[in-house]
Amino acid sequence: MPRSARASAAVIPAAAPLQDDAESAGVSGSSAERSLRLLALLANEGRALTLADLAAQLGLPKGTAHRICTQLLATGFLARDVDERSFTVGPALRRLAFDTLNHGVVRGLRHEVLSALVRQVGETCNLTTLDGAQVLYLDRVEAQWPLRLTLDVGSHVPLHCTASGKLFLAQMHAKERDAFIGGLPLERMTPNTIVKADALRAECEAIAKQGYSCDREEFIAGLVAVAVPVRDAAGAVRAALAVHAPTARMSMDDAIGRIDALKAAAQKMTALL
C-alpha cells in the first residue's frame, strides 16, 4: 500500500535577484512578485503550460520566464510535466497548499463537517486532494467500529484503484487524463483492480457523467468506497469527499445510498476551501 510520511517544508536557497531590461524599467515588478504571479497562473489554469505560454500570459520576455522557471524548479515549486517542455506545480507548492488548507480555524470547521457526516452515515469519511500522481489525505474521521482501515492524514494512495483517485482523473480534460493514465503504473492491488488503460478511461468517462466514483474492492479486498467532488466557488474540483467501509458492514449499493449525504457535506466544504 503506497504511503508516505508528511514531507518537511521546502527550504528555499538564497538566489541573486533576477535582472533584465523589463525589471529595471519597472514593467513587470520584482522577481518575487513575478514568481508568485507565475505560480498563481499555473495553479489557476489547472494544467501544464509551456515556457512560451507562461511568458505570453505574464507579459514577460522568454529569457526572464526561463530564469524564473529554473529557480522555481530548483526549489520544488515547479516541476516538469509529462511533456518536458511544459511546467506544472511542484511538490513544494502542493505542500504549501496542504499546510494552508490544514491551518487554524478553517481546518477545524472542515473537520467538524467531516465529523457530522460520519455521525450521519455511520462509517469512516475522508477529505482528499490530488498530489501529483497520487491521492493525498487532507483529513479523515474514523467511525467507531472495531474493523476499520486506518490511513493517517498526509498518507498517499493510488489514483487508478481508489474512489477519490478515479474521481480526480475523471475531472481532468481528456488529453490531460490520457497523459496521466499513460504514465501511471496500473498495479493490480486486488482481483478487481482496473489495470488496462482503455478500461480505466471508460470508467473515468462514466464517473464524469454520473458525478460520483466507486471503489468496488479495487484497492483493498473486502473494502468498498464512494467519493464525490468538492468544488471551489468557481466550480473547479479541489478535493474529494469519500466514505469507505468493509463489505461486511456496507455493500456497494449501501455506499451509493450515502451519496446524497456526501454531496450535502461537499457543498458545505466549498466555503471552507
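One can find the structure itself at the top, above this paragraph.
Parameters at a glance
- Residues numbered from 1 in each chain as written.
- Predicted model: local features only at pLDDT ≥ 70, side-chain atom pairs only at ≥ 80, totals over all residues.
- Heavy atoms only, no water.
- Axes fitted to C-alpha atoms, helices over the stretch in contact; angles between N-to-C directions.
- Helix = DSSP H or I, 4+ residues; strand = E, 2+ residues; numbered from the N terminus.
- Parallel < 35°, antiparallel > 145°, perpendicular 65-115°, else oblique.
- Contact = heavy atoms within 4.5 Å.
- Nonpolar A, V, L, I, M, F, W, Y, C, P; charged D, E, K, R; others polar.
- Buried < 20%, exposed > 50% of the residue type's maximum accessible area, 1.4 Å probe, protein only.
- Pairing = 2+ DSSP bridges.
- Expected span 1.5 Å × (residues − 1).
- Arc of directions from axis to C-beta.
- Salt bridge = Lys/Arg side-chain N within 4 Å of Asp/Glu carboxyl O.
- Polar contact = N/O pair within 3.5 Å; in protein donor to acceptor, adjacent residues only side chain to side chain.

1. Some points on the packing of helix α7 (residues 163–171) against helix α9 (residues 197–210)
At a closest axis distance of 8 Å, the pairing of α7 and α9 adopts a crossing angle of 80°. One way to sum up the angle between α7 and α9 is to call them roughly perpendicular. Side by side, α7 and α9 meet where Lys166, Leu167, Leu169 and Ala170 of the first sit next to Leu200, Glu203, Cys204, Ile207 and Ala208 of the second. Per-class residue counts for the contact of α7 with α9 are 7 nonpolar, no polar and 2 charged.

2. Section: the pairing of strand β5 (residues 134–141)
Most of β5 is tucked away: 7 of the 8 residues are buried. Sheet analysis places strand β4 (residues 124–131) next to β5, joined by 7 bridges and oriented antiparallel. Paired with leucine 127 across the two strands is aspartate 139, which belongs to β5. Pairing of β5 with strand β6 (residues 156–158), which is carried by 3 bridges, proceeds in the antiparallel orientation. Across the sheet, residue valine 135 finds its bridge partner in β6, namely valine 157.

3. Some words on helix α11 (residues 259–270)
If you check α11, its first and last C-alpha atoms are 17 Å apart, about what 12 residues at 1.5 Å a residue would give, namely 16 Å. For α11, the complete set of buried residues consists of Ile259, Ala261, Leu262, Ala265, Ala266 and Met269. Axial view of α11: buried residues confined to an arc of 155°, hence all on one face. Seen from the open side of α11, the exposed residues pointing more than 90 degrees away from its buried face are Asp260, Gln267 and Lys268.

4. Some details on the sheet that holds strand β7 (residues 213–216)
Judged by pairing direction, the sheet is antiparallel, and its 6 strands sit side by side in the order β6-β5-β4-β9-β8-β7 without closing on themselves. The outermost strands of the open sheet, each flanked by one partner alone, are β6 and β7. Pairwise comparison of adjacent strand axes, ignoring direction, gives a mean angle of 30° for this sheet. Bridge count between strand β8 (residues 223–231) and strand β9 (residues 237–246): 9 bridges; the pairing is antiparallel. Note on β9: the bridge partner recorded for alanine 227 is alanine 242. Running at roughly 40° to β8, α7 makes contact with β4, β5, β6, β7, β8 and β9 of the sheet.

5. With respect to the pattern of salt bridges
Applying the stated criterion across every chain, the model contains 11 salt bridges. Notably, a salt bridge pairs glutamate 45 with arginine 47, separated by 3.2 Å at the nearest N-O pair. With relative accessibility at 36%, the residue arginine 47 sits in the partly exposed group. The structure contains a network of salt bridges with shared partners spanning Lys166, Glu203, Arg216 and Glu218.

6. Let's talk about the sheet that holds strand β1 (residues 49–50)
Taken in spatial order, the 3 strands line up as β1-β3-β2 in an open sheet, and their pairing is antiparallel. Taken across any chain shown, the strands that pair with only one partner, and hence form the sheet edges, are β1 and β2 (78–80). Across the sheet, helix α2 (residues 31–45) touches β1, β2 and β3 (86–89), and the angle it forms with β3 is around 85°. Running at roughly 95° to β2, helix α4 (residues 62–74) makes contact with β2 and β3 of the sheet.

7. Examining helix α8 (residues 174–183)
Within α8, burial applies to Arg177, Phe180 and Ile181. Down the axis of α8, the buried set is contained in an arc of 95°. They therefore lie on one face. Across α8 from its buried face, at more than 90 degrees, point the exposed residues Lys175, Gly182 and Gly183. Buried residues in α8 make contact with α7 and α9.

8. A word on the side chain of histidine 160
Mapped onto the secondary structure, histidine 160 falls in the loop between β6 and α7. Reaching out from histidine 160, the side chain makes a polar contact with the backbone oxygen of glutamate 187 at a distance of 2.7 Å. Apart from the residues within four sequence positions on either side, histidine 160 is in contact with Lys166, Pro185, Leu186, Glu187, Thr193, Ile194, Leu200 and Glu218.

9. Side note on unusual backbone geometry
What is expected of a backbone is that most residues other than glycine have negative phi and most peptide bonds are trans. Positive phi values are uncommon outside glycine, yet glutamate 217 reaches one of about 55°. Under the relative-accessibility criterion, glutamate 217 is labelled partly exposed at 27%.

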